[in-house]
Amino acid sequence: MLVVMQAQATEEQVRAVCQKIEALGYRAHSMPGAQRTAIGITGNKAEVESGSLEEMPGVQEVIRVTKPYKLVSRDTKPDNTVIKFPNSSASIGGPGLAIIAGPCGIESRDQAFTIAERVARAGAQFFRGGAYKPRTSPYSFQGLGEEGLKIMAEVRDRFGLLIVTEAVDYESLELVDQYADVIQIGARNMQNFSLLKRAGRARKPVLLKRGISAMLEEFLMAAEYIMSEGNYNVVLCERGVRTFADHTRNTLDLSIVPAVQRLSHLPIIVDPSHGTGKRNKVTPLSRAAVAVGADGLIVEVHHDPDRALSDGMQSLYPDQFDALMVQVRQIAAVLGRSIPKGAEAATLATTSTQSTS
Ligand code: PEP
Ligand code: MN
């Protein structure tokens, strides 16, 4: 059920409807939009008796939602979700593209700082890096854990980059929620429903990667799990799916970008690194992702990929990332979008303004 408020409904009227829904024993999710507020109702086992809600002041209509997802849907919120960050000009989902770059895993402070310096200079606003690595083999590098999170917090302080890092279970999610700016849920956990619910109770936005063989509806339902717990800041991420093709690690399904955008208001970004698994395919697929209308990119970059402890084969050299940024900026402009000034550029500009004044 969805309660659509009149365009001129007051905050008080919205609050009264939410209270009524809660009093009926359900959960109310108020989703303000550019034109009007809609209130999603969850927690109902059967159909909600809509009569008493329809009569409340400020209510335009009460709609039965036929799709299995409610809060994720454009029916609930017609305008795009734009995720903003405190004390930062960065956002995800607006006209500016979000560029997230960094190593697959945090290996040391030196490694993280060397890469962060380069991606910040190239214009990225977000730094990625795993402290908890879900690896196919238990003998592969598993990440530095909390020490890795501390290094990333230092990267944020030094370069002004926002931190994106993966949580793999309850315990790591708790820590990632404390240290990072965006909590990543990896492809292998896309249907770990208890973890999704825990992420829904976190304070930070969640970057949800598409499962290795997830259909569109399964992907959206995973996001619905997070939103149903009250965290509405979800970014979807296409990272390739398993097919019979063996010229790439996964098959990057760029058609899911417009498919998601048709059904959902949530931002969707693309990961061309895991999507291809091959360094020489990352830049072409990044260009394509921006051209298809993605809201951003998440790209693996390493200064010494031959010695990387994970995913070296698909990591760009910093010079290649510089070139990628130049190219995708031009493609973004064709679509009337832009890549905002990077964190480093912004820091430098502030410093020079301060020093000349
Ligand atoms: C990663 O981002 O390093 C990662 C493990 O991604 P995915 O969950 O898409 O495999
Ligand atoms: Mn990786």
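Just so it is clear, the structure is predicted and the values come from calculations on it, not from any experiment.

Assigned domains of the chain: these are domain 1 (2-63) and domain 2 (83-356). Each of domain 1 and domain 2 has a C-alpha centre, and the two are 35 Å apart. Buried area between domain 1 and domain 2, both sides added, is near 400 Å², and the carbon and sulfur share of it is 51%. Of all residues in domain 1, Arg27, His29 and Met31 bury the most surface against domain 2, accounting for 81% of the area lost on that side. Here domain 1 is connected to domain 2 by zero salt bridges. Linking domain 1 with domain 2 are two residue pairs in polar contact (both at pLDDT 80 or more), by the criterion used here. Its residues assigned to classes, the side of domain 1 that touches domain 2 comprises two nonpolar, two polar and one charged.

Around ligand 1, the neighbouring residues are Cys104, Arg128, Lys133, Glu166, Gln184, Gly186, Ala187, Arg188, Lys209, Arg239, His274 and Glu300. A distance of 2.8 Å separates an oxygen atom of ligand 1 from a polar atom in the side chain of Lys133. With respect to ligand 1, the side chain of Lys209 contributes an N or O atom lying 2.9 Å from an oxygen atom. Here ligand 1, which alone exposes 300 Å², has 97% of that area covered by the protein. More than half of the atoms of ligand 1 fall within 2 Å of the grid points belonging to the second largest pocket. The residue makeup of the shell around ligand 1, split by class, is two nonpolar, three polar and seven charged.

Turning our attention to the sheet that holds strand β4 (residues 59-63). Taken in spatial order, the four strands line up as β2-β3-β1-β4 in an open sheet, and their pairing is antiparallel. If you trace the sheet from one side to the other, it starts and ends with β2 (27-32) and β4, each paired once. The sheet shows a mean angle of 20° between the axes of neighbouring strands, direction not considered. Packing of helix α1 (residues 11-23) onto the sheet brings it into contact with β1 (2-5), β2, β3 (37-42) and β4, and relative to β2 it is tilted by some 155°.

Criteria and thresholds
Residues numbered from 1 in each chain as written. Chains lettered and ligands numbered in written order. Predicted model: local features only at pLDDT ≥ 70, side-chain atom pairs only at ≥ 80, totals over all residues. Heavy atoms only, no water. Domains from an automatic or database assignment. Buried area = accessible area lost by both parts, 1.4 Å probe. Salt bridge = Lys/Arg side-chain N within 4 Å of Asp/Glu carboxyl O. Polar contact = N/O pair within 3.5 Å; in protein donor to acceptor, adjacent residues only side chain to side chain. Nonpolar A, V, L, I, M, F, W, Y, C, P; charged D, E, K, R; others polar. Near = heavy atom within 4 Å. Areas by Shrake-Rupley, 256 points an atom, 1.4 Å probe, with all protein chains shown as cover. 1 Å grid on protein atoms, 1.4 Å probe; cavity = no way out; pocket = protein on both sides within 12 Å on 5 of 7 lines; lining within 4 Å. Sits in = over half its atoms within 2 Å of the grid points. Pairing = 2+ DSSP bridges. Helix = DSSP H or I, 4+ residues; strand = E, 2+ residues; numbered from the N terminus. Axes fitted to C-alpha atoms, helices over the stretch in contact; angles between N-to-C directions. Contact = heavy atoms within 4.5 Å.

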